[in-house]
Amino acid sequence: MKKLHATTLALCLCAAALALAYAKITTLGLPLLPGQLEPVWSIEAKVEFDAARRAAVIDFDIPDRLGDFVRLDEYFISRDYGLNVVTTNRDRRAEWSTRRAQGSQRLYYRIEVVPQTADESADTARARPPKAPAQPIYQEPLASAIQDVLGDVRAESANVFTFVSQTLVKLNAPSPDGNVLVIRDNLDTDSEAWVERLIYVLAGARITARMVRGVMLEDRSANQRLTPWLEIHNGERWAGFDPRTGNRGYPENFLRWSVGSDPVLKLEGGRNANVSFAVSRYAQSLTTVARQRAEANQSWLANTLLFNLPVNTQNLYRVLLMVPLGALVVAFVRTIIGLPTLGTFMPILVAIAFRETELAWGIGLFVLITACGLSLRFYLERLQLLLVPRLASVLTLVILIMLVISLLSSQLGIDKGFSIALFPIVILTMVIEHMSVIWEESGPAAAIKEGTGSLIVAILGYLVMKDEYLTHVMFLFPETLLVLLAVFIVMGRYTGYRLTEVWRFKDIVEDGSARPHS
Amino acid sequence: MLGRIRKLIAAGVVGLNNRNRGYIAPHNPRKLYARVDDKVETKRLAIGAGIAVPELYGLIYSVREAKDFAGMVDGRRDFVVKPARGSGGKGILVITDRRRDMYIKGDGHALTAAEVEHHIQNVLGGVYSLGGHPDQAIIEYRVKFDPVFEQVSYRGVPDIRVLVYRGVPAMAMLRLPTRASDGRANLHQGAVGCGIDMLSGVTTLAVCKNRRIAEHPDFGTALGGLAIPGWQELLLLAARCQELAPLGYLGVDMVLDANLGPLVLELNARPGLAIQIANGRGLRGTLNAIDAAAPLPSEPGARVGVLRGFFESLLAH
């Protein structure tokens, strides 16, 4: 019954931790491995115009809903211009204005985006489908051409999307018939005018269509223009179509910049307005990206990240979260392997100190301080002092030794000495006392053996607590603590032999004279 | 490795994890530990129950009283100083003789009164106590052990450890001090443990430092076949000790005094497992048999009978 209880509890803890970690990985894109890089796209829009020696107002469409991407940051670079960002239901526009501008003007807008993680990219907005357009009244010969084309396609298609696709294929055919030529009207299929024409044609079948413009994310491309694309609504959702081929979907790395046919840039008080785009890509730590993405998405999970804490506290937790792992090492060594240590958690405290001093220095300091402390302890024994004053003397000596080391190392220009301040002096004092009792009771060999054993466990603990991968996982997924708790519960119910016991009890079963009974 | 583990399981060897969770946790209520961890309390309870213990010469509670020990041992040639809450035989000072103002230790070293006082102060400060808590020092009668063990013990006092499970003596060993153990009878300090046949009280195998031996490491005398005088009386005494502290898993340490007969030295709420090596068999079979015999009789003699019945039935097979 108790066994079932413990197992269930352990499983529940593990399940809870895994569920939380899974949610964080999928929705926030938190990386399981440290040091992973994620590409961040930086898109810079350059707005140029010639000012006409009077007040100028520039109205520039800037991205709002990015679809498959998440905005990490944006910058407006516009000296001498006042800036006002207007967000409406449909779009977001930057309004730059100045009282007086002269000569050629340049304004920049830069946005940094990363790809959206799978879960959040599903477009959940669009509660109400847009109203279908009224059928336009076409002029001849366009009217009959459109009627013929739409009539042909209607016979071959099952729904709105296939209808649109078929229409586009027909209108882009390499060997067009007369009707198609009339509709094409020599328009360039890469142009916005062609997309406008398609929308106009499709309105003949009362199909809701709109133009979107986007930037193609290609590293180091400059002077890019916006690529027009066609979007169709089938009564439920929007879908993108290639205006040149009729293929459904969007190009890879297509960043939607604006929606609708309205011009991206409107200028008052100037001429020769022009906008061009430059795209570059750089790598950023995946952790940083995930964190910014979490903030941008305003996910509740983002609140569970330790990045929200003040930096000092964060650093504290980077150490604290590792302590249970050190405890795991001690618990494992003591209950499964069966090696004794001086004090239950002394090795952990020493291991934490090693983090500050680095391993070689730490071991040296530990041995030096313990050796000096033991010598003093044996000397004080001759003075026959009472226990607590004697412990206090050893403690004082430990601090003195550390002080001397710090002074010496600063004289020699080694700055490592200073970090020993975190050495657990009280624990060291107890270690010295404990070792000296073992020394007296069981001889120096036993004392040194136990001291060395503890040092080895401390080193193991240090290696685990210092591990870059584990530090990363513990800090990003503190729910791992629940898993550790489960491990401790299971380990606490282990009643099998300790490894050292297999050796210890060897003679019971392997002496030839082993007798199962009396 | 796996094969050896399987053999240990087959031999019914109980490991430390199993002892702690399977026997100590369910059978030894923590609130009773004070009765056995504090030897003063044990002694008081034993006297109340009419169980013989080494005579108490005096108790020292505070550092200021440390020098009073001289008055307590006035007129006595020998005595023992031990911490009331010591563990594993730590901090026991045995004075075997006195010469002028000096106190002669078991190993022949002479100590001044100040040195004895310092030892007492260390005891009071908690150097040897469980968890380092301040402690009391017990000054008591030094056991003059029975001459039957003369040939097999080095200096200190050999004692008999009986493991009492739910009031039934389950396994026993004779613990003999060696040079390595510095005259102490604790196995982890290098003393010899001899398994004892529960029916006859004759030693069987012996173990030292976890390894099987046949002869005493210091004297080369044979360790098997020693008959322990008054064995049945010792078993009964061990069974009675369960009433002092109703711990289900209890170690009873007894000595055979040349003049006073069996005395209870101390009780142990966490008796070690080396007793299995000394006896060359695992504990589990016996412990299971005792569990199977429940409900156990309340009369100590009858409980010893339960054990006898178990071993006799084994012999019959």
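Because the structure is predicted, anything quoted here is derived from the model rather than measured.

**Q** So what exactly am I meant to see when it comes to the overall build of chain A here?
**A** Scanning chain A from N- to C-terminus turns up 16 helices and 11 strands. With respect to the three principal axes, the spread of C-alpha positions in chain A is 120 × 70 × 35 Å. For chain A, the proportion of its 518 residues judged to be buried stands at 43%. A fraction of 75% describes how many contacts in chain A between residues 6 or more apart in sequence connect residues 24 or more apart. A total of about 26,200 Å² of accessible surface is found on chain A, and carbon and sulfur atoms cover 58% of it.

**Q** I would appreciate a short explanation of the confidence of the model for chain B in the present structure.
**A** For any part of a model where pLDDT is low, the fine detail of the predicted coordinates should not be relied upon. Confidence along chain B averages 89 in pLDDT terms, with 99% of residues attaining 70 or more. As a predicted assembly, this complex carries a pTM of 0.72 together with an ipTM value of 0.81.

**Q** Is there a simple way to explain the nonpolar core in this structure?
**A** Generally speaking, a soluble globular protein has its nonpolar side chains buried in company with each other. In this structure, Ile-160, Leu-174, Ile-228, Trp-231 and Tyr-249 of chain B are the most contacted members of the largest nonpolar core, which totals 73 residues. Beyond its immediate sequence surroundings of up to four residues, Trp-231 of chain B is in contact with Ile-160, Ala-172, Ile-196, Asp-197, Met-198, Leu-199, Ser-200 and Gly-201 of chain B. Judged by nonpolar contacts, the second largest core, of 52 residues, contains Ala-351, Val-398, Ile-401 and Leu-428 of chain A.

**Q** In this structure, what is going on with the pairing of strand β6 (residues 137–140) of chain B? I would like to understand it.
**A** The two faces of a sheet get side chains in turn, since along a regular strand they alternate between them. Residue and element names in this part refer to chain B. Across the two faces of β6 the burial is the same, with Ala-137 and Ile-139 and Ile-138 and Glu-140 all buried. Where strand β1 (residues 56–60) lies against β6, four bridges are found, and the strand directions are antiparallel. Across the sheet, residue Ile-60 finds its bridge partner in β6, namely Ala-137. Bridge count between strand β2 (residues 79–83) and β6: four bridges; the pairing is antiparallel. Within β6, the position partnered with Pro-83 by the bridge is Ala-137.

**Q** Any chance you could explain the side chain of Asn-28 of chain B here in plain terms?
**A** Residue and element names in this part refer to chain B. Along the chain, Asn-28 turns up in the loop between α2 (16–27) and α3 (33–37). Only 3.1 Å separates the side chain of Asn-28 from the backbone nitrogen of Gly-248, close enough to count as a polar contact. Discounting chain neighbours no more than four positions away, the residues touching Asn-28 are Tyr-23, Tyr-33, Leu-247, Gly-248, Tyr-249 and Ala-269.

**Q** I'm lost on the sheet that holds strand β7 (residues 159–165) of chain B in this one. Help?
**A** Within a sheet, adjacent strands bond to each other through the backbone by hydrogen bonds, running parallel or antiparallel. Residue and element names in this part refer to chain B. An order of β11-β10-β9-β8-β7-β12-β13 is seen for the seven strands of this open sheet, with the pairing classed as antiparallel. Edge positions in the open sheet fall to β11 (211–213) and β13 (261–268), since each of these has one partner strand only. Pairs of neighbouring strands in the sheet enclose a mean axial angle of 30 degrees, with direction left out of account. Judged from the six bridges that link them, β7 and strand β12 (residues 249–257) form a sheet pairing that is antiparallel. When the bridges of β12 are listed, Ile-160 appears paired with Met-254.

**Q** Please explain the packing of helix α10 (residues 359–383) of chain A against helix α12 (residues 425–466) of chain A as it appears in this structure.
**A** The geometry of a pair of packed helices is captured by two quantities: the angle between their axes and the separation between those axes. Residue and element names in this part refer to chain A. The geometry of α10 relative to α12 is characterised by a closest axis approach of 11 Å and an angle of 165 degrees between their N-to-C directions. Relative to α12, α10 is oriented roughly antiparallel. As for how α10 packs across α12, the hand of that crossing is right-handed. Side by side, α10 and α12 meet where Leu-359, Ile-363, Phe-366, Val-367, Ile-369, Thr-370, Gly-373, Leu-374, Arg-377, Phe-378 and Glu-381 of the first sit next to Leu-428, Val-431, Ile-432, Glu-433, Met-435, Ser-436, Val-437, Trp-439, Glu-440, Leu-455, Ile-459 and Tyr-462 of the second. Among the residues making up the contact of α10 with α12, the classes are represented as 16 nonpolar, three polar and four charged.

**Q** Please clarify how the environment of Met-474 of chain A should be interpreted in this entry.
**A** All names here are of chain A. Tracing the sequence through the fold places Met-474 in helix α13 (residues 468–476). Considered as a pair, Met-474 and Val-114 are 360 residues apart in the sequence and their alpha carbons are 25 Å apart. In contact with Met-474, other than residues within four places in its own chain, are Leu-321, Met-322, Leu-325, Thr-480, Leu-481 and Leu-484.

**Q** What should I look at first to understand the sheet that holds strand β9 (residues 254–259) of chain A in this one?
**A** Residues and elements named next belong to chain A. Here we have four strands laid out as an open sheet, ordered β8-β7-β5-β9, and antiparallel in their pairing. Only two strands of the sheet have a single neighbouring strand rather than two, namely β8 (238–241) and β9. Averaged over all neighbouring strand pairs, the angle between strand axes comes to 40 degrees, with direction disregarded. Note: strand β5 (residues 208–216) against strand β7 (residues 227–233), seven bridges, orientation antiparallel. Within β7, the position partnered with Thr-208 by the bridge is His-233.

**Q** Please explain the confidence of the model for chain A as it appears in this structure.
**A** All names here are of chain A. Per-residue confidence for chain A gives a mean pLDDT of 84, with 94% of residues at or over 70. Per-element confidence in chain A is highest for helix α14 (residues 480–492), whose mean pLDDT is 94, and lowest for helix α6 (residues 286–297), whose mean pLDDT is 75. Contacts of residues 512–518 to residues separated by more than four positions or lying in other chains number 16 contacts, the stretch itself having pLDDT below 50.

**Q** Which parts of the structure should I look at to understand unusual backbone geometry?
**A** Backbone geometry follows two general trends: most residues other than glycine have a negative phi, and most peptide bonds adopt the trans configuration. The omega angle of the peptide bond from Glu-140 of chain A to Pro-141 of chain A is 10 degrees, so this bond is cis rather than trans. Here Pro-141 of chain A shows up in the loop between β4 (92–115) and α2 (142–156). The backbone of Asn-272 of chain A sits at a positive phi, close to 55 degrees, despite the residue not being glycine. One non-glycine residue, Lys-209 of chain B, adopts positive backbone phi at about 50 degrees.

Cut-offs used in this document
Residues numbered from 1 in each chain as written. Chains lettered and ligands numbered in written order. Predicted model: local features only at pLDDT ≥ 70, side-chain atom pairs only at ≥ 80, totals over all residues. Heavy atoms only, no water. Helix = DSSP H or I, 4+ residues; strand = E, 2+ residues; numbered from the N terminus. Buried < 20%, exposed > 50% of the residue type's maximum accessible area, 1.4 Å probe, protein only. Contact = heavy atoms within 4.5 Å. Areas by Shrake-Rupley, 256 points an atom, 1.4 Å probe, with all protein chains shown as cover. pLDDT = per-residue confidence, 0-100. Core = buried A, V, L, I, M, F, W, Y, C linked by side-chain atoms within 4.5 Å. Pairing = 2+ DSSP bridges. Polar contact = N/O pair within 3.5 Å; in protein donor to acceptor, adjacent residues only side chain to side chain. Axes fitted to C-alpha atoms, helices over the stretch in contact; angles between N-to-C directions. Parallel < 35°, antiparallel > 145°, perpendicular 65-115°, else oblique. Left-handed = near helix turned anticlockwise from the far one by under 90°. Nonpolar A, V, L, I, M, F, W, Y, C, P; charged D, E, K, R; others polar.

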